[in-house]
Every structure is written in structure tokens, then in C-alpha cells.
Amino acid sequence: LRAASSVYAIAFALICMVQLSAGALSHPLPNSVVALTLDKRRVSMRIEVPVAEVETAMAAGPDGVGGAPSKAQVGGYFARHVAILDASGAAMPQTIRSVEKVMATDPEVGKYQEWHITIEANTPSGHSRSFILRYDAIIHQIPTHFAAVTIERDFSAGLIESETPMQAGVIKFDFASAKIEPLVIIAGQGSLRTGFRAMAALGYFHVLHGIDHILFLLTLLAVAPLAMRNGRWMPVHCYGHALRRFLAISLAFTAGHSISLAAGAFEVVRFNGMFVEVSVAVSIVLAAIHAIRPLFFGREWMVAAAFGLVHGLAFSQSLAGIGFGWQDKSVAVLGFNLGVEAAQITVMAAALPLLALSRANRFQPMRQAAMVLVAMVACHWIGERAFGLPLPQWLLV
Amino acid sequence: LFGNDSDCGASITQKARLTILNLKLPVVSNKWQCGASASGIIWGLNSMTKSLGRNHAAIGLLAAGLLAGGGYYFYISQLQGIAANYTDSNINFGAIDTAAADAACTAAAGHEKLVCLTGGLKKLVTPELAAKFELAYSVEDARKWSNFPPVGYRDRVGPTLGEFTLEQLGYIKTILKTAASDLANEGVDELEQILNADDYLKVKADDGAGFSSSNYHFALLGKPATAGTWQLYFGGHHFAFANTYTDGKLTGASPSFRGVEPFTKFSQNGRDNEPMAQEQAAFAAMLKSLSTEEAAKAKLAQTYTNIIAGPQQDNAFPSTREGIRAGDLPSEKQALVLAAIETYVRDIATTDADAIMARYTGELAETFLAFSGTAGVNAENDYIRIDGPSVWIEFSMQPGRSIPGMHPHSVWRDRTSDYGGNS
């Protein structure tokens, strides 16, 4: 049994290692990025442009705005320089959704400021999948600048969230002809089922990659096979007891996060993202302390349900900004939630050996040591999420 | 096992003990994290020791430590991703002794000397290394140059200077001295200072980008011989050299990229370096000589943040020439245009450079001069272009990437003889 437990421990450590090495870097120079989201009747564009380039282009060109332009001026500028055309060349009606100035970081350039502009163009049904993007913002004045166009989300094609969005092309100044050619976008045929499947996969991997959710669940489940005697944990040599507690905790967590996931995704409740992220970390600390010395024995399911609500809100953050209309979004939320359940079942299956381990007397200090580590990690997360403290290097994801 | 001392201020012994166990310690970034980590680790270790006994705990920890160490190493190797042939070392190009190589090929000159030296280098290296730098002639490989350091561009061909011994480097330096000029701040002297700039950046702004004089590539595309075509390929961060020879004659000396950061004078490898000051001065002299009307004609409406005919932009020449025609300028101003062109052409060995300058002088009347930004050629987005029937030179001032200040990118191309006319 001891050998089995160390194999399990090593396997778990390996999984953590893979999680920790999954970081990724992106774009090399401060060019512009146009990230498209294709919906049923809408093309949404998130445009990211370095502030310095916007000022140069707006000051020198026919727009003639000196100094730092206002949000309204930036919005107006992009409205004039961006258009979605149908095959006949007619421009679709468009709305500026948001204009924000944000701090961006680039491995080559370091920190720099960017304007993020979101524009939505309404298209007749079906025309959101093949259209012409006419775009000359910045490039009309700075021909050495270019805009990389990506399809970031395409629900019916199953493209939801990816570290490598689909490259649609580059809009640049062609020096040979002294022209900026518009970009023709033709997205492949898609279907509702493809979108649903992709959302389920997204939910599944969101949980498996977001190690904080796993830690919370595992930490709560770790005490499922135990009972309290004189304020301390004691192993109970009875599988029925363990299984009942195991299922109660899991189901309560599921119920909690399903409710708040839907509420958060449809923006029924508004919440502060940082507050939720910190609460998730706090929930892990509490669960870890509980697993060392019982705090709320017998009421784990209530804690699981309550913090399930918080974790559900955290899940919903990746859906709230997704930019789909309500039809696509309901399918998306359903698929995502099923993916989350599937991931939870995977984690529970992996946690089952904990039940077997609980019969060994030596499991107790090992559990305590593991919980100290979990609490430490979660404390670092609280520090990072609430106060922006740097994570120690071994925790960088 | 480790006592209960959780005070990080006095934790040197703790750290030493943990290091023995091969545990990769977290890099603790502030005090509370340090305290939390240390006390947590010690508590955990003590609990483990009590229950498992010393031996089992030690074996377990050792295994965990090895695992963590291996994982950490894997993680780091994934992050950096620069190939092993980038040794990130300072080879001090200026100090490389060329006496042996010079002595080995005294009789020959020009192309003949290049054949002698490349033959001599081959005899000095292992067959494996020879196979790495003796490549078949290929324009596709010749196009693989860049202004970026290794981390920004990974397709350069041939081994890096760091893979050669000092004796072998003596031959490489002599090869470059034979193909390039020996004028102050041009040719090999300019090359040496641009390499020194990378050694300087490595010290001042090392960010894993692969700055270092050892990281420049050397290759022979095709076999240097009296018959046939070959190219001397040399390049790295801010530098690309591409002399193409056919049947013993220079048929192209471009694309030739020059850039440097820092741009202003810096001290490195025992000397002052300012390799591109005279290029900038020549451009500024040329622009400042223009009358208001001439300057208005030469001024471009658009803003240039970089050169347009940079790496992998082999057919980016505009179809119409912009700016003012040099033929419309008085002769003393035409001389300033030629002087600016010379700061690029004179990087090449004198006899070859004379021939190229003769061609460019003959085409000068139809050569256009254009600029954007200020005539000082020293501020952000200052840009200058010389565009003739053959000659194409661009110079762009841009913000520093690694240290504050401005730094230039520039390229010399030839509309007809880039890559020896084989493009």
C-alpha cells in the first residue's frame, strides 16, 4: 500500500509539473491586432493598437487631432477607418461598443499602453461568415505598421478559446502598389453541434488547467473518509460512510457552480472579478485548514455549495466576455457546464485512491503535510490576486 | 529533521541543508512569502519525519527533490528555447589574432585570397563543423537574415562564431577582412563595433534574447572557387552581410543590414564604439543642405517607424520613386548624396566598392532622395530613403528596444544585384 501511495503521489506531482509548464508567449512587436468573433448575425472586432501609433496617425493624417485624443475621438477615428463589407461592397451598420486604454506587456518591447476598441457590425443572417474587412487605421499614415487579423471565436466552427487563434491574414501597406488591400474573410461551414462540443471541451479543460478549482475539490474530498473524534480527524474503516460524504460534497459543489455559472454568464449578477478570484483562493485555504483540524465537520456539503457559487462565478468570467448573442450563449453555457461536470468526474475518479489511502494509519500526517502545502499555495494566490504581489517562481503558471 | 527555525532572516543554514537534498527552493520575492514558505516546508517535513521515520522521509524527499529539479529544468528549457549553438559568450572580435591566417594566404588577393582562406579554414575544422558551414548555394538560404537577435529570428543558417576555436576564428575574421573594407567605422571595423554592441547589451540588458558576439552566424553558400556562384553569409542581431561571387567576380554586395543599439558612443571590449555615427552624419548633412523648396519636395507625407525593405521583404520596392530627384539638385548637394551612399558601399573591399560607386554615380541623376520626420535624422521616426535605378538605402531612427535612447535600422539593397541578381 505504501508503494501504491508513493506512485500516486509521484503521478500527482507530475500532473502539477505539466500544469506549471504550460505558459505561453505571444506577439513580437507592437503591431495592431484585430481579433474577430463570428456570431450568427454579427461580426465583433476587438482591435488592439499601441497608443503611440494612434497618436501619430491621428495627429499627422487628415484627422488632425494633436496630442492625446479622447475616447470619443479614438472611437470616431476607428469608425472611419474600419468597415465590414458584404460581397457587393456595401458597408454593414456598425457600433462602437467600447474604447479602453490598457497597459500591455510584450516580451520584446516591455510595458506599453494600448487602445482596445470593440466594434460590432450587424450582418444579415449567414453573412457573418464571409465578408470583406476594409481596414486602414494607423497604416494609412504609418505604412510600416501592420494589423494581424485573427478569428478568435467562431461558435459554429467550434472555435471558442484558444491560445493560438486562427490566423485570418495580415493587413499591410503594399509598397509595390502603394495600396492597402482589404482582407477577404471566408470562415468554413459550421454547425451548432460543433460549437456545443467545443464549449464542453472548453469547460473540461478550464477545470483541469485551472488548478485552483481542482485543489478546492480535492481538499474537501480528502476528509470524506474521515470522522471527527475529540476535535481531531480519525479514519473510519467503512466505505459507506466515505462514499456518502464523497457524493454529498461533489453534488453540492456541482449545484452551487451550475447556478452561478449561468447567472454570471448572462450577467444576471454583476461582480468584481478580483473579489471572486480572491474568494476562490480563500475557499482553498479554509478547506485546507479544515482538512488539518476539523472546522465544519458534517457540514462540508454546505461549504461546498456556498463556495461552489463562488467557483461558478469564476467559471462564468470566461463566458461573460465571449461576445455571443443569447441563442449561441445558452448553448455555450450548457456545453461549458457539462464539460465542467465531466472534468469534475475525472478529478473525483483520480481522488478515489484517497479513500483507499485513508485506511493506512500513516496517511494522516501525509494528508496534513499536503494540506499545509495546499494552504501555502492558496495564500500565495491570495497575495497575488488581492494585492498584486509577485508569485514565487515555482508557482508561476 | 530541520529544527523549527522558521525565521528567514537567519535561514542560511536551512537553505544550505535543503539544497543538499536537491530541492529546488522557491525564489522568495518578499518576506511574508519567505516566512510562509519556510515554516510550511519545515512543518511538513517534521510531520513526515515523525510518521515515516528518518530513512523513509529522506528517501521520499530525495525522490521528490529530483522530480522537482527535473521538472524545473524541463520548464526552464521550454521557456528559453534558444538552440544550443548560441553560446551567449563574448568572443571579443577585435582581439582575434589573424596573423596565422594572413601568413597562410599572403600570395593571394581579392577573390583568390577568399578561396585560399576558406580552404584553409576547412582544413582546421572537424568534418562535422565543416558540414555545417559549407552549404549548397541557395537563394532561399540567402534570404534567411534578420535584424532580430536569435530569440526573434531562428532561421539563420550555418554555425555561430561560438562554435569555432580562436585559431579558426582568425580565419573567419580574415575572410571578412578580405571581403569587406578596412576603413575606420566601415567594413570590418563597423562589424566589430556592432558585435561589441551585442556584448554590451548582454551585460546591460540581458533578457534571454541571445545578445552576444558569439551568436553571429557564418556560412558559405556554395563552394568558393574560380568557377561557379557562392555567397559569403554572415549575420546576426543588427547585421547582415551578403557578398555573392560568380566565377571569381563580385556580383552582389546586398542585402546589407546595419543597425546598432546603443547608437551613441559606448565603451566595450577595450575600445570606444560608435559604428553608425558617420552614416547618420552623412544623411543629416545631405538633408540640412536642402533648401526649403527642395526639402518640401523630398518630404514624405507618411510616418515610417521602420525600414520597408527589411528582412524577408525582398520585393517591397515601391513602383514609383518618391521625393526629390538628385539630378535636380546642384552638384555640391549631389556630392552629399554620393557621400551618404558611400557610407554603405564602402563597407565592401575597395576595388569592388569602386566599381559599385561608379555605377551608382552614373545613375545619380535618376536617384531620388526622400525623408520623413526631422532633417536631424536623430529623433524617433526620422526616416530617410535613397532610391535609384539600382541603389536603395533606407535608414530609420527608432526607440531603443533594450535600453533607453534611439537606435537606427538601415539597409542597403540593389534593385538589380541583391543576392547577386539571383533573387
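Residues numbered from 1 in each chain as written. Chains lettered and ligands numbered in written order. Predicted model: local features only at pLDDT ≥ 70, side-chain atom pairs only at ≥ 80, totals over all residues. Heavy atoms only, no water.

1. Some words on the overall build of chain A
Let me state the cut-off plainly: Secondary structure elements follow DSSP: runs of H or I no shorter than four residues count as helices, runs of E no shorter than two count as strands, and numbering proceeds from the N terminus. Exposure is judged per residue with a 1.4 Å probe applied to protein chains only, and the accessible area is read against the type maximum: over 50% gives exposed, under 20% gives buried, and values in between give partly exposed. By the convention used here, residues are in contact when the closest approach between their heavy atoms is within 4.5 Å. Under the convention used here, a 1.4 Å probe and the Shrake-Rupley method define accessible areas, while residue burial counts only the protein chains that appear.
Scanning chain A from terminus to terminus reveals ten helices and twelve strands. In chain A, which comprises 397 residues, the proportion classed as buried is 51%. When contacts within chain A are restricted to residue pairs at least 6 apart in sequence, long-range pairs at least 24 apart make up 74% of them. On chain A, roughly 17600 Å² of surface is accessible, and the fraction owed to carbon and sulfur atoms is 64%.

2. Examining the packing of helix α7 (residues 273-292) of chain A against helix α10 (residues 363-387) of chain A
Residue and element names in this part refer to chain A. In plain terms, the rule: Fitted lines through C-alpha atoms give the axes, limited to the stretch in contact for helices. The angle between two N-to-C directions lies from 0 to 180 degrees. Any angle that is under 35 degrees is reported as roughly parallel, and any over 145 degrees as roughly antiparallel; angles of 65 to 115 degrees are reported as roughly perpendicular and all others as oblique. Note on convention: the crossing is left-handed when the near helix lies turned anticlockwise from the far helix by less than a right angle, right-handed when the turn is clockwise. In this count, Pro and Cys sit with the nonpolar residues alongside Ala, Val, Leu, Ile, Met, Phe, Trp and Tyr, while Asp, Glu, Lys and Arg are called charged and the others, Gly among them, polar.
Two elements in contact, α7 and α10, have axes separated by 8 Å at closest approach and are oriented at 160 degrees. Here α10 runs roughly antiparallel to α7, going by the angle between their axes. Remark: the crossing between α7 and α10 carries left-handed chirality. From α7, M274, E277, V278, V280, A281, V282, I284, V285, A288, A291 and I292 reach across to α10, where they touch R367, Q368, M371, V372, V374, A375, A378, C379, W381, I382, R385 and A386. Across the contact of α7 with α10, the residue classes tally to 19 nonpolar, one polar and three charged.

3. Things to note about the nonpolar core
Filter applied, for reference: Put simply, buried Ala, Val, Leu, Ile, Met, Phe, Trp, Tyr and Cys residues joined by side-chain atoms within 4.5 Å make one nonpolar core.
Counting 79 residues, the largest nonpolar core has L161, F218, F234, F283, I341, L369 and W412 of chain B as the members making the most contacts within it. The biggest single contributor to this core is helix α9 (residues 187-205) of chain B, with eight residues. Beyond its immediate chain neighbours, meaning those up to four positions away, L369 of chain B contacts M286, L287, L290, A298, E322, G323, I324, L329, V337, I384, R385 and I386 of chain B. Formed by 62 residues, the second largest nonpolar core is a distinct cluster that contains I214, L226, V276 and V340 of chain A.

4. Remarks on the state of the cysteines
Residue and element names in this part refer to chain B. What counts here: Disulfide assignment relies on a single distance test, namely cysteine sulfur atoms paired within 2.5 Å.
Following the criterion strictly, the structure yields one disulfide over all chains and no others. What pairs with C105 in a disulfide is C116, and their sulfur atoms sit 2.0 Å apart. The sign of the -85 degrees torsion about the S-S bond sets the C105-C116 disulfide as left-handed. Here C116 lies in helix α5 (residues 110-124) and C105 lies in the loop between α4 (99-104) and α5, a separation of eleven residues in the sequence.

5. Concerning α9 of chain B
Note the cut-off: To estimate the expected span of a helix, count its residues, drop one, and scale the result by 1.5 Å.
Taking 1.5 Å per residue, 19 residues should reach 27 Å; α9 of chain B reaches 26 Å between its end C-alpha atoms and fits that length. Of all 19 residues in α9 of chain B, 16 are buried, a share of seventy percent or more.

6. What to know about the confidence of the model for chain A
Residues and elements named next belong to chain A. For clarity, the cut-off: Each residue carries a pLDDT score, the predictor's confidence in it, ranging from 0 to 100.
Confidence along chain A averages 80 in pLDDT terms, with 83% of residues attaining 70 or more. With pLDDT under 50 throughout, residues 1-5 is counted as low confidence; its partners more than four residues away or in other chains account for four contacts. In this model, residues 7-28 is a region of pLDDT below 50 whose contacts with residues beyond four sequence positions or in other chains number 34 contacts.

7. A closer look at the pairing of strand β2 (residues 42-50) of chain A
Basically, it comes down to this: In this analysis, strands are considered paired if DSSP registers two or more bridges between them.
For β2 of chain A, a buried count of eight out of nine residues is recorded, marking the element as mostly surrounded by other parts of the structure. In textbook terms, the turn of a hairpin is the stretch between consecutive antiparallel strands, and for strand β1 (residues 32-38) of chain A and β2 of chain A this stretch comprises three residues.

8. Quick notes on the pattern of salt bridges
Two side chains bearing opposite charge may form a pair once their charged atoms approach each other closely. Rule in force here: We define a salt bridge as a side-chain nitrogen of Lys or Arg found within 4 Å of a carboxyl oxygen belonging to Asp or Glu.
Summed over all chains, the structure comprises 31 salt bridges over all chains. For R143 of chain B, the salt bridge goes to D314 of chain B, with nearest N and O atoms at 2.9 Å. One end of the pair, R143 of chain B, is in the loop between α7 (139-142) and α8 (166-179); the other, D314 of chain B, is in the loop between α11 (292-298) and β9 (324-325), and 171 residues separate them in sequence. Between R258 of chain B and D347 of chain B there is a salt bridge, with its nearest N and O atoms 3.3 Å apart. With a gap of 89 residues between them, R258 of chain B in strand β6 (residues 256-259) and D347 of chain B in the loop between α12 (331-345) and α13 (350-362) connect regions that are remote in the sequence. Grouping residues by exposure puts R258 of chain B and D347 of chain B together as buried. Connected through salt bridges with shared partners, the residues D39, R42, R97 and E120 of chain A form a single ionic network.

9. A closer look at the packing of aromatic side chains
The criterion, for reference: Aromatic rings from Phe, Tyr and Trp, with only the six-membered ring used for Trp, were paired whenever their centres fell within 6.5 Å, and each pair was classed as stacked if the ring planes differed by under 30 degrees, edge-to-face if by over 60, and tilted otherwise. Remark: a charge is flagged as sitting over a ring if the NZ atom of Lys or the CZ atom of Arg is within 6 Å of the ring centre and within 35 degrees of the ring normal.
Tallied over the full model, the rule gives 19 aromatic pairs over all chains. Judged by centre distance (5.9 Å) and plane angle (50 degrees), the ring pair of F133 of chain B and F164 of chain B falls under tilted. Of this pair, F133 of chain B sits in helix α6 (residues 127-133) while F164 of chain B sits in the loop between α7 and α8, and the two are 31 residues apart along the sequence. Plain terms: the ring middles of W145 of chain B and F257 of chain B are 6.2 Å apart, the flat faces sit at 45 degrees to each other, and that makes the pair tilted. In this pair, W145 of chain B sits in the loop between α7 and α8 while F257 of chain B sits in strand β6, placing the two residues 112 residues apart along the sequence. One exposure class covers both W145 of chain B and F257 of chain B, and it is buried. Each residue in the set F216, F253 and F307 of chain A is aromatic and connected to the rest through ring pairs, giving one cluster. Over the face of the ring belonging to Y419 of chain B we find R143 of chain B, whose NZ or CZ atom lies 5.6 Å from the ring centre.

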